[in-house]
Amino acid sequence: MNKRLKLAGLAASRTLRSGKTTLVDADSSEKTSPYFAGEKRSARKKRTPIKIEHEATKDDEMNAKEREDAAVSTDVADVKVEEREVENKNAEQSTDLKDIKDEERWMPPNWETVLENIKEMRKDETAPVDTMGCHKCTDRNASPTMFRYQSLVALMLSSQTKDQVTFAAMQRLNTYGCQPDIIVATPDDVLGKLIHPVGFWKKKVQYIKRTSTILLDKYDGDIPKTVKELCELPGVGPKMAHLCMRVAWGEVSGIGVDTHVHRICNRLKWVRKPTKTPEETRNELEDWLPKPLWSEVNHLLVGFGQETCLPRFPKCSECLNKDICPYASKSGEKTKK
């Protein structure tokens, strides 16, 4: 009986809405009963972690320094990788822009075929420019400085003058003494006789003497090394300046366009629209012709113009480009009519 009383004190019955009766543990009723909600329950004490201090050894300092160095080197490596990625991206973008520009750049149809045909027709080098051009007019025994001066004088004489006439005048000048100091001291009439019958020889006497004086005073007898300075000399224009840079200094600064090049480029329609001056033709030609061809295009077209594509009565029937040349097809239509 005593045992039953004790059990009854430990457990109590609870009737549910369903009608079933369950036993509830005394401890659990205390935990869930609202009557005990106000009572504070004793909280467990938190264990405080014990800090163990120790002295830093040299090995620890070295390891920490190594870790710092490794972290810094990693950061630097990451920065370099990022910079390289940016550079590659920029390079790709510039290449894409260049490709777009190349695609947008105007180029005449069949120009490569036309140029190759001209090279084929010029391969024997039988034109006057091949043997008597300005690059052939200098004294073979001249010093580099005098070679450059004579090249400039030959170009000044060549304007509106055939190569044969220019070559003969330069031979007389070289024999006389084609040096700036000698030319400056030469009377005008004597110099005129030496260069006659080049075109506009009287004006060219003044141009050559004034230019020689400037070269002595400003360039110690040599010639300028830039197109801008060359064009500042009396009687020197862009065509002469660009040709002089190539012949005298061995540098390609632009395309020398004379009457032959001007005429042929318009006939071949190597210009977007007809040009009226050689300078306009030069700008048009330099806009699309690949730069590696700039050094040879003048020589090729001048000889082609002297032998085949003549100013009057061009020999279209003998030209390898007769089937693709716009001028030849137009001339053929006129002949048929």
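Residues numbered from 1 in each chain as written. Predicted model: local features only at pLDDT ≥ 70, side-chain atom pairs only at ≥ 80, totals over all residues. Heavy atoms only, no water.

An unreviewed UniProt entry annotates the protein chain as Endonuclease III homolog of Temnothorax curvispinosus. For the record of the protein chain, the UniProt heading Catalytic activity (unreviewed entry) holds the text "2'-deoxyribonucleotide-(2'-deoxyribose 5'-phosphate)-2'-deoxyribonucleotide-DNA = a 3'-end 2'-deoxyribonucleotide-(2,3-dehydro-2,3-deoxyribose 5'-phosphate)-DNA + a 5'-end 5'-phospho-2'-deoxyribonucleoside-DNA + H(+)". (UniProt positions renumbered as here; feature names shortened; annotations may be inferred.)

Trainee: Please clarify how the pattern of salt bridges should be interpreted in this entry.
Mentor: Pairs may arise between side chains of opposite charge once their charged atoms sit close together. Within the structure shown, the criterion is met by 11 salt bridges. Between Arg272 and Glu284 there is a salt bridge; the shortest N-O distance is 3.3 Å. Of the two residues, Arg272 is situated in the loop between helix H13 (259–267) and helix H14 (278–288) and Glu284 in helix H14; the sequence distance between them amounts to 12 residues. A salt bridge links Arg282 to Glu286; the nearest nitrogen and oxygen atoms lie 3.1 Å apart. Residue Arg282 and its partner Glu286 are both found in helix H14; the two are separated by 4 residues, about one turn of the helix. The residues Arg282 and Glu286 share a single accessibility class, namely buried. Salt bridges sharing common partners tie together Glu116, Lys119 and Glu296. (Salt bridge = Lys/Arg side-chain N within 4 Å of Asp/Glu carboxyl O. Helix = DSSP H or I, 4+ residues; strand = E, 2+ residues; numbered from the N terminus. Buried < 20%, exposed > 50% of the residue type's maximum accessible area, 1.4 Å probe, protein only.)

Trainee: What is the right way to look at the layout of surface pockets in this model?
Mentor: To find leftover empty space, a probe the size of one water molecule is rolled over the atoms. Reported here for the largest pocket is a volume of approximately 880 Å³. For the largest pocket, the lining is made up of 36 residues, of which Ser158, Thr161, Lys239, Asp258 and His260 are closest to its centre. At the level of elements, helix H5 (128–132), helix H6 (144–158), helix H7 (163–176), helix H12 (238–249), H13, H14 and helix H15 (294–307) are the ones that each hand at least two residues to the lining of the largest pocket. At 6 residues, H12 tops the list of elements feeding residues into the lining of the largest pocket. Residue-level mapping places the lining of the largest pocket at the junction of two domains, with at least three residues from each of domain 1 (137–249) and domain 2 (259–331). (1 Å grid on protein atoms, 1.4 Å probe; cavity = no way out; pocket = protein on both sides within 12 Å on 5 of 7 lines; lining within 4 Å. Points joined across faces, edges and corners; volume = space filled by probe spheres on them. Domains from an automatic or database assignment.)

Trainee: Got a minute to help me understand empty space enclosed by the protein in this structure?
Mentor: In total, this model carries 2 cavities of 30 Å³ or more according to the counting rule given. Counted as a void, the largest cavity has a volume near 110 Å³. Taken together, the residues that form the lining of the largest cavity break down as 10 nonpolar, 2 polar and 2 charged. Its volume calculated, the second largest cavity comes out at about 60 Å³. As for the second largest cavity, its lining consists of His242, Leu243, Arg246, Glu251, Val252, Ser253, Gly254, Ile255, Gly256, Trp294, Ser295 and Asn298. Those elements that provide at least two residues to the lining of the second largest cavity are H12 and H15. (Nonpolar A, V, L, I, M, F, W, Y, C, P; charged D, E, K, R; others polar.)

Trainee: Help me out: how do you make sense of the state of the cysteines in this one?
Mentor: Linking two cysteines covalently via their sulfur atoms produces the bond known as a disulfide. With the rule as written, the count across this model stands at 0 disulfides. Of the cysteine sulfurs around Cys137, a residue in no disulfide, the closest is that of Cys134, at 5.4 Å. Residue Cys137 is classed as buried on the basis of its relative accessible area of 0%. (Disulfide = S-S within 2.5 Å.)

Trainee: Could you clarify how one ought to interpret the environment of Gln150 in this entry?
Mentor: Residue position: Gln150 is located in helix H6. Between the alpha carbons of Gln150 and Asn174 there is a distance of 8.3 Å; along the sequence they are 24 residues apart. Contacts of Gln150, omitting those with residues within four sequence positions, involve Thr138, Asp139, Ala142, Met170, Asn174 and Cys178. (Contact = heavy atoms within 4.5 Å.)

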